[in-house]
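Remarks on the overall topology
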Amino acid sequence: MTQLKLTNSLTRKKEVFTPLDESNVRLYACGPTVYDYAHLGNARMAVVFDLLTRVLQTLYLKVTYASNITDIEDKIITRSRETGEPIDTITKRYTKIYNEDMEALGNMAPTIQPLATDHIPEMLAQIEALIQNGHAYEADGHVLFNVPSFKKYGGLSGRNRDEQIAGARVEVASYKKDPADFVLWKPSTNDEPGWDSPYGFGRPGWHIECSVMAEKHLQLPFDIHGGGADLKFPHHENEIAQSCCAHGHEDDLTSFAKVWVHNGFLTVEGEKMSKSLGNFTLAHDLLEEGIHGFVIRMALLIAQYRKPLDWNQNCIHQAKKTTQMIYKTLYDLSDCDVIELDEGQKNEALSPLYDDLNSPLAISNLHQYCKEVSANPSDDEKSLLKAKITLLAETLGFFEKDAEEFLNFGNDDLDTDKIEDLISKRNEAKAGKDYTAADALRDELLNMGIEIKDTADGTEWSKT
Ligand code: AMP
Ligand code: ZN
C-alpha cells in the first residue's frame, strides 16, 4: 500500500498521512487578501497546495480543496481610501486577476473558494458561542478572544507566553483583559465597511473567517490545514483557539484540523518576499513579460516546499531549460506507443512526491528519464519512459498543454519565415566556409532574440 508522508507542523514530525474519510480527503489553505497583485511568495503557496491536492488525487478518489479569499481587511480599506475606488471593485478585480494568474501557473481552481464577506452570519454565530463558553468578551465595541482562557494556546507554534505577546506585536489597548487577546469583531466607522451585529456596527477580525469557512465547507475535523509559514503564528494558532473553544474541545488541538502543513518562504537575498519590504516580483509581471506560467511553476518547485527558496534572475533561466527539456523529450516521443503503467511502476515514478512532496528529487528524476530517452533506447523502453515522464510531469502540474504548444509558446509574434531564411543563409555560408558571414547571421538572429543550435538533425532554433 502506497503511503504519503507529510511533515505535520503540529507534531513537528514527518508522518504517514491517514485520511479521516478515504472517500473524501479534505484540505484547507489560507488564500490571499485581495487588494493587489499576487507576488511569487503568494504563488508559491498556491503551487504547493495545488501540488499536494494533485498528489492526494493519485491516492484517493475525491479530494476537496478549499482556499479562501480575504475580501475584508484593513489593507483593502486603506487601498480604497488611497485610490478612491469602492472596496468591492478592488476585491473583485484582484480576485479575478489572482485566479487567472494562478491558472496560468498550472494550478487547478480550488474545489471551493469561499469569500469572507459571504460568511458574516456564521462568524457572528461562532463569536457568540465563544462568548457563551467564556472564551471571549465584549469591550469598547470590540469582541476579543481571551487567550489565557485556552490553556493549550501556543501548541502549534511552540511559542511561550512572552514570545506570543512580543510576536503578535499586540497593540496595548486599554480595553484588553490580556495583552495577547486578539480581535474577533471590531467597530467600523460610517465610512468603513461593516455589518450590524449585537456588538454594534462593525467587521470581523481576520482569524475568525478561516475558522468559520473551513468548518462550513469541510466539516470538523478535517484532514489538512495549510498556508505559508508566516501564518503559523498568530493566524493559525488563533484559528485553532477559536475552533476548539467554540465547540468545547479545549483539550484537543486536532479537533479542528488533524495535520498542519506549512510552506517555507520565498526569499530574496535571504529575506522573505513581501509587499511591505518592497522586494517582490509579481507573477502577473513575469507572465506579461512573456514567461510561460509552467516555467514559473518549475522555478517554484525546484526546492522542497518546506525549505526556503531564494529568488534571483537565474531561477527562471534554469527553470526554462528544465521545462523545455521535458517538453522537447515528450515532443520527440510523440509517435511512441502509449502504455499503461502498473501500480508498482506508478508508485516508483511518484515516490519522491509521496515522501513529503520532494519536488526537487522528482524534477531530478525527470532529468534522468529525459537523459535515458536521448540515449536512444529500445521502443519498449521509450514507451515506459514516456509513461513515467508523463505521469510525473502531470502530477507536478505541468502538461495540460501539449508539448508542441508549449515549445511554440510566444512564437506567434515571430517572423518565422525570416528566421528560417537567415538560418539557411547561415548554413550556406558555413558550407562555403565563410565563417565570418555565418557568425554575422548568427548574431543577427541573436539580436532578434533567437538562439540556434546545430544538431545531427539540422539547425534548431528557440527564443533566448
Ligand atoms: P497574504 O495575501 O499575505 O495573506 O498571503 C497569502 C498566502 O501566501 C499565505 O498563505 C501566506 O502565508 C503566503 N505567503 C506570503 N508571502 C510568502 C512568501 N514570501 N513565501 C511563501 N509564502 C508566502
Ligand atoms: Zn486563514
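Just so it is clear, the model here is predicted, and its values are computed rather than measured.

Quick word on unusual backbone geometry
With an omega dihedral of -15°, the bond running from L220 to P221 counts as a cis peptide bond. Checked against the element boundaries, P221 lands in the loop between α6 (206-218) and β9 (222-228). Across the junction of F233 and P234, the peptide omega takes the value 0°, indicating a cis bond. Structurally, P234 can be placed in helix α7 (residues 232-246). Non-glycine residue Q219 carries a positive phi angle of around 70°.

Topic: the packing of aromatic side chains
Applying the stated criterion across every chain yields a total of eight aromatic pairs. The interplanar angle of 55° and the centroid separation of 6.5 Å between the aromatic rings of Y28 and F222 together place this pair among those described as tilted. Of this pair, Y28 sits in strand β3 (residues 25-29) while F222 sits in strand β9, and the two are 194 residues apart along the sequence. Residue classification places Y28 among the buried positions, given a relative accessible area of 0%. Between the aromatic rings of F294 and Y327, the centroid separation amounts to 6.4 Å while the plane-to-plane angle is 20°, which identifies the pairing as stacked. Taken together, the residues F294 in helix α9 (residues 293-301) and Y327 in helix α10 (residues 313-332) connect sequence positions 33 residues apart. Look at Y327 and you get buried, because its relative accessible area is 2%. Of note, K275 hangs over the ring of Y35, and the distance from its end group to the ring centre comes to 5.6 Å. When the ring centre of F280 is taken as reference, the NZ or CZ atom of K275 above it lies at 5.7 Å.

Some details on the sheet that holds strand β12 (residues 271-272)
In space, the three strands of this open sheet follow the order β12-β11-β13, with mixed pairing throughout. In this open sheet, the two strands that pair with only one neighbour each are β12 and β13 (309-310). As defined by bridge partners, strand β11 (residues 266-268) adjoins β12 across two bridges and the pair is classed as antiparallel. Note that in β12 the partner of T267 across the bridge is K272.

The rules behind the values
- Residues numbered from 1 in each chain as written.
- Chains lettered and ligands numbered in written order.
- Predicted model: local features only at pLDDT ≥ 70, side-chain atom pairs only at ≥ 80, totals over all residues.
- Heavy atoms only, no water.
- Helix = DSSP H or I, 4+ residues; strand = E, 2+ residues; numbered from the N terminus.
- Phe/Tyr/Trp six-rings, centres within 6.5 Å; stacked < 30°, edge-to-face > 60°.
- Buried < 20%, exposed > 50% of the residue type's maximum accessible area, 1.4 Å probe, protein only.
- Lys NZ or Arg CZ within 6 Å of the ring centre and 35° of its normal.
- Pairing = 2+ DSSP bridges.

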